[in-house]
Protein chains: 4
Amino acid sequence: MCRWLAYSGTPIPLEELLYKPRYSLIDQSLHSRMGVETTNGDGFGAGWYTPEGPAAPTLFRGTGPAWGDVNLRELARSTCSGLFLAHIRASTGTPVQQTNSHPFRYGRWLWVHNGSIREFHRLKRDLVLAVDPALYPSLAGSTDSEVMFFLALTFGLQDEPLPAVERMAGFVEAVGRQHGVEHPLQMTVGTSDGDRVWGFRYSSEGRSRTLYVSTDVTALRALYPENETLRRISDETRIVVSEPLGELKGAWQPVPESSWGVVQKGADELGTFRPR
Amino acid sequence: MCRWLAYSGTPIPLEELLYKPRYSLIDQSLHSRMGVETTNGDGFGAGWYTPEGPAAPTLFRGTGPAWGDVNLRELARSTCSGLFLAHIRASTGTPVQQTNSHPFRYGRWLWVHNGSIREFHRLKRDLVLAVDPALYPSLAGSTDSEVMFFLALTFGLQDEPLPAVERMAGFVEAVGRQHGVEHPLQMTVGTSDGDRVWGFRYSSEGRSRTLYVSTDVTALRALYPENETLRRISDETRIVVSEPLGELKGAWQPVPESSWGVVQKGADELGTFRPR
Amino acid sequence: MCRWLAYSGTPIPLEELLYKPRYSLIDQSLHSRMGVETTNGDGFGAGWYTPEGPAAPTLFRGTGPAWGDVNLRELARSTCSGLFLAHIRASTGTPVQQTNSHPFRYGRWLWVHNGSIREFHRLKRDLVLAVDPALYPSLAGSTDSEVMFFLALTFGLQDEPLPAVERMAGFVEAVGRQHGVEHPLQMTVGTSDGDRVWGFRYSSEGRSRTLYVSTDVTALRALYPENETLRRISDETRIVVSEPLGELKGAWQPVPESSWGVVQKGADELGTFRPR
Amino acid sequence: MCRWLAYSGTPIPLEELLYKPRYSLIDQSLHSRMGVETTNGDGFGAGWYTPEGPAAPTLFRGTGPAWGDVNLRELARSTCSGLFLAHIRASTGTPVQQTNSHPFRYGRWLWVHNGSIREFHRLKRDLVLAVDPALYPSLAGSTDSEVMFFLALTFGLQDEPLPAVERMAGFVEAVGRQHGVEHPLQMTVGTSDGDRVWGFRYSSEGRSRTLYVSTDVTALRALYPENETLRRISDETRIVVSEPLGELKGAWQPVPESSWGVVQKGADELGTFRPR
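So, here is what we can say about the structure in this document. Owing to the predicted nature of the structure, the values given are computational and were not obtained by experimental measurement. (Residues numbered from 1 in each chain as written. Chains lettered and ligands numbered in written order. Predicted model: local features only at pLDDT ≥ 70, side-chain atom pairs only at ≥ 80, totals over all residues. Heavy atoms only, no water.)

**Section: the overall build of chain A**
Right, on to step 1. Scanning chain A from terminus to terminus reveals 8 helices and 13 strands.
Right, on to step 2. Against the globule reference of 19 Å for 276 residues, chain A gives a C-alpha radius of gyration of 18 Å, in line with a compact fold.
Right, on to step 3. With the C-alpha coordinates aligned to their principal axes, the bounding extent of chain A is approximately 55 × 40 × 35 Å.
Right, on to step 4. Per-residue burial over chain A gives 60% buried out of 276 residues.
Right, on to step 5. Put simply, 68% of the contacts in chain A that link residues at least 6 apart link residues at least 24 apart. (Helix = DSSP H or I, 4+ residues; strand = E, 2+ residues; numbered from the N terminus. Rg over C-alpha atoms; globule rule 2.2 N^0.38 Å. Buried < 20%, exposed > 50% of the residue type's maximum accessible area, 1.4 Å probe, protein only. Contact = heavy atoms within 4.5 Å.)

Encoded structure:
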């Protein structure tokens with residue numbers, strides 16, 4: 001069980017989402033309200049894209065609780081980005097180590113996950129064997145989340161994200177069934193190539209972890225004409241989160257069960273997620 | 001806010017108290033039921049005495065959450081002791097670092113603390129100045145808890161523990177008053193020289209953190225004649241804890257507000273704690 | 001490049017070998033004299049067997065430099081054992097994390113390694129595929145050393161250690177050749193089941209890392225009749241090390257190139273190591 | 001014993017000095033050529049100023065060896081700054097913890113130190129007592145280096161850096177003499193307010209740790225007309241280092257024994273350092 005967020009829009013210091021709101025992501029590391037676990041203290045990470053920076057996003061990942069990490073606080077204060085992902089981890093059994101902290105990165109791509117593959121230790125070998133041998137050496141950690149990322153990469157994430165993630169989910173479920181695991185997959189996933197952000201909410205049993213997307217900024221401004229923050233951010237700014245930040249009523253829409261969405265220039269999209 | 005326990009009695013593997021009971025100390029690191037904070041993830045420590053080991057107790061202290069520490073689990077399984085203290089920390093502001101994890105040690109003495117000195121950053125200089133200059137170089141960390149220990153040592157802990165801790169409390173309150181701090185001291189403290197264990201429960205406002213002591217073993221055996229564990233442990237075995245472990249009804253007595261106690265060979269003692 | 005030692009004999013506090021000798025293992029973490037790298041600061045570990053302890057050996061592993069680890073110093077002072085292995089790590093590229101620190105453990109078995117599999121990232125997938133699927137879920141880290149251990153387990157380490165390690169070496173070399181890697185294997189390995197200690201020195205190019213075994217105690221006593229330590233330890237006490245500890249002339253014999261040895265009750269054995 | 005560098009000039013990614021040169025600062029963490037200790041693996045830190053960032057510099061500090069820190073590598077690649085300080089630590093006895101890693105920061109000021117106060121544990125109390133009580137609560141760690149910084153702040157660092165540091169040195173020597181410590185002070189110090197960088201080289205015995213400053217860029221360009229890097233950086237770019245980076249002959253001037261210097265807009269200055 002974990003919590004994550006993805007931000008796309010007007011560049012802001014990371015601390016605006018990680019620390020400042022009531023129920024901020026860092027608050028959730030100590031007191032999640034909607035999580036299966038209330039504490040997410042088994043590591044954390046953030047990955048950000050900057051136009052002037054390197055093509056690949058920059059990663060900062062730690063193994064302790066996010067709430068007490070002095071370096072994260074420093075960097076969140078001084079780092080501005082218009083597209084970033086952040087994650088706080090509650091281990092479901094795999095070791096607490098930097099290579100198991102999200103986001104995971106491959107080339108320009110970042111990946112965060114909340115959920116688990118049930119009985120992963122039994123399924124792991126078959127799942128890992130299906131990872132493209134050319135990608136295999138880049139598998140650095142031991143989590144189900146990273147294997148899901150590398151399966152999605154194997155199935156074409158960099159070219160067509162939606163079908164690749166649907167294939168990954170379908171494959172995990174097929175392997176699960178072969179091993180007699182009921183409801184093998186539970187996930188909300190966020191992934192980005194630096195231009196667009198995709199979000200996925202799905203679970204084999206149809207009761208997925210929560211996921212929310214921020215309400216359209218134009219609509220929010222109409223509701224809260226005096227809100228300073230809303231005036232500063234662009235119309236296209238969007239946030240995807242495991243559980244709502246802040247206290248602004250009407251600011252968050254639940255992402256429906258078994259669905260995918262993409263935040264991008266122009267109209268965002270939302271659709272039904274179907275494992276293949 | 002922290003949680004601690006002290007054990008004196010028949011030698012047992014540390015894991016018997018740290019891991020095995022429902023609501024064990026390690027459970028409390030993730031889900032304390034009675035603490036001001038429900039999470040105690042800012043470090044941990046254990047100190048144990050062994051007859052065949054070195055005269056000074058052995059310390060094992062970490063900076064991450066106790067619930068995920070692989071080494072603690074290993075050592076708790078393989079280490080037997082008839083007198084040990086353990087602690088899980090929730091920082092009240094001072095850094096998460098090994099020198100701030102409890103127990104603190106000086107010679108044969110160990111010290112654990114739950115609570116705080118209010119506005120410690122304002123009072124700290126005056127408190128530290130009162131530490132015996134010969135002890136000063138042994139102050140290794142930056143917590144209020146360690147300063148309390150060194151003040152108690154300065155006031156004679158090694159010779160007469162009760163008056164030394166009472167003087168420490170009185171001194172902290174006097175310095176607090178000088179700086180206009182209402183209710184400066186909040187504490188439960190456990191300390192030992194390897195032979196006896198002292199417990200203290202006190203706060204300036206008369207609403208101290210909880211403290212419990214295990215019921216006399218003979219009485220418990222009468223209540224639970226079939227309980228295997230109770231048959232194995234000696235009549236003199238006692239446990240002092242911030243909050244009860246396990247689910248045995250009648251196993252725990254609350255330590256009264258403003259009191260001290262000592263667990264020792266022969267009759268234990270309990271009395272009223274009065275800052276001097 | 002790493003350094004390790006294995007001790008079998010009269011129970012002693014671990015610090016006798018880890019800290020006290022000139023050129024002790026912990027000294028070697030900062031200043032190895034014979035290593036390819038002079039610094040071994042990428043983690044450390046010790047595993048020890050005790051007759052009264054649990055059947056499986058106890059592990060203590062860290063990720064920082066051994067020379068500064070306060071807990072290791074504490075435990076080495078208070079832990080006595082008649083059979084223990086210890087290791088200091090210099091990473092050859094894989095992450096510095098607890099699951100990559102030696103010794104590795106499986107059941108009653110411990111394993112330490114100095115050396116590397118060349119171009120491991122290219123060979124890893126084929127090597128891991130050959131690990132028994134029943135053992136695969138216990139692979140916890142990402143090093144070549146752990147894969148070598150699990151291959152040896154797959155090839156029968158628990159039943160017949162020598163042929164199992166020879167098969168492992170032969171298999172690594174065969175996979176290396178398939179991938180066009182010249183001289184794929186470089187190793188000194190120590191392994192134990194709690195009763196006996198095996199040591200192996202081998203490399204594909206015939207220029208293996210150094211390995212030494214302590215001289216027979218009876219012979220040493222004749223050389224140094226006044227030496228107190230030699231009087232205290234049993235005739236069968238033996239130490240295997242990557243590089244000599246202390247300054248006693250004649251105390252160490254180099255283990256020959258391409259050989260194996262076993263320290264056991266009764267006569268020790270030494271033979272030629274031949275990959276199968 | 002430590003190593004540090006200070007950079008002032010054309011904004012560059014930190015990795016240009018921390019990683020890319022032969023004998024880079026990170027190389028020196030594993031293999032210092034001129035240090036009293038060859039390994040500087042007890043923590044590290046960097047502090048940087050950015051015009052668009054917060055007024056106070058950003059700090060990133062770790063407790064492990066710099067050579068293996070994945071986050072440092074990420075940040076050094078993506079962070080550009082025209083004024084930064086970096087430091088790698090070899091502890092002279094005080095604990096390895098984040099609050100003991102350099103740079104230290106107070107307001108806009110950063111401070112790095114190589115050297116030590118001899119018998120600091122005996123002198124510490126008198127030195128700390130002299131720190132301005134208003135500054136005292138900001139003392140976070142336990143090193144001699146941080147106490148020197150806070151003494152310099154007490155003596156007016158923020159208004160007149162040179163006399164403040166000279167008074168600090170004089171005070172440390174006076175306290176040392178009172179305690180019968182010969183040659184109490186050994187230091188090279190770098191400090192900055194974000195506009196200028198001061199460097200100090202001094203020791204009580206007149207044999208100070210090495211310090212170098214980069215040769216005037218105009219002169220270097222004349223020597224190396226083809227060098228690309230030299231064409232890109234401004235005439236005023238300067239680097240101060242414990243030991244030279246890279247292999248460019250003539251690029252570094254030793255800072256004389258007992259001297260101070262300042263890198264600033266307009267002509268830099270150099271003078272004799274005299275403890276007061």
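**Regarding the state of the cysteines**
Right, on to step 1. For the structure on display, the rule yields 0 disulfides over all chains.
Right, on to step 2. Cysteine C80(A) is unpaired, with the sulfur of C80(D) as its nearest cysteine sulfur at 15 Å.
Right, on to step 3. With a relative accessible area of 43%, C80(A) lands in the partly exposed category. (Disulfide = S-S within 2.5 Å.)

**Here we look at the pairing of strand β12 (residues 259–263) of chain D**
Residues and elements named next belong to chain D.
Right, on to step 1. Counting buried positions along β12 gives 5 out of 5 residues, so the element sits mostly inside the fold.
Right, on to step 2. Burial along β12 is two-sided: the residues S259, G261 and V263 and W260 and V262 are all buried.
Right, on to step 3. Strand direction decides the pairing type here: strand β8 (residues 197–203) and β12, joined by 5 bridges, are antiparallel. Looking at the pairing, W198 lines up with V262 of β12.
Right, on to step 4. Pairing of β12 with strand β13 (residues 269–272) involves 4 bridges; the strand directions are antiparallel. Counterpart to S259 in the pairing with β13 is T272. (Pairing = 2+ DSSP bridges.)

**Quick word on the interface of chain C and chain B**
Right, on to step 1. Residue-level contacts link 16 residues of chain C with 16 residues of chain B.
Right, on to step 2. In this assembly, chain C packs against chain B so that about 1,300 Å² is buried in total across both faces, 46% of it on carbon and sulfur atoms.
Right, on to step 3. Per-residue buried area on chain C facing chain B is highest for N71(C), E74(C) and R77(C); these three make up 35% of the total on that side.
Right, on to step 4. On the surface where chain C and chain B come into contact, there are 2 salt bridges.
Right, on to step 5. A salt bridge links E74(C) to R105(B), with the nearest nitrogen and oxygen atoms 2.7 Å apart.
Right, on to step 6. Linking chain C with chain B are 10 residue pairs in polar contact (both at pLDDT 80 or more), by the criterion used here.
Right, on to step 7. Of the residues forming the side of chain C that touches chain B, the biggest block, 6 residues, is contributed by helix α3 (residues 70–78) of chain C.
Right, on to step 8. Its residues assigned to classes, the side of chain C that touches chain B comprises 8 nonpolar, 4 polar and 4 charged. (Buried area = accessible area lost by both parts, 1.4 Å probe. Salt bridge = Lys/Arg side-chain N within 4 Å of Asp/Glu carboxyl O. Polar contact = N/O pair within 3.5 Å; in protein donor to acceptor, adjacent residues only side chain to side chain. Nonpolar A, V, L, I, M, F, W, Y, C, P; charged D, E, K, R; others polar.)

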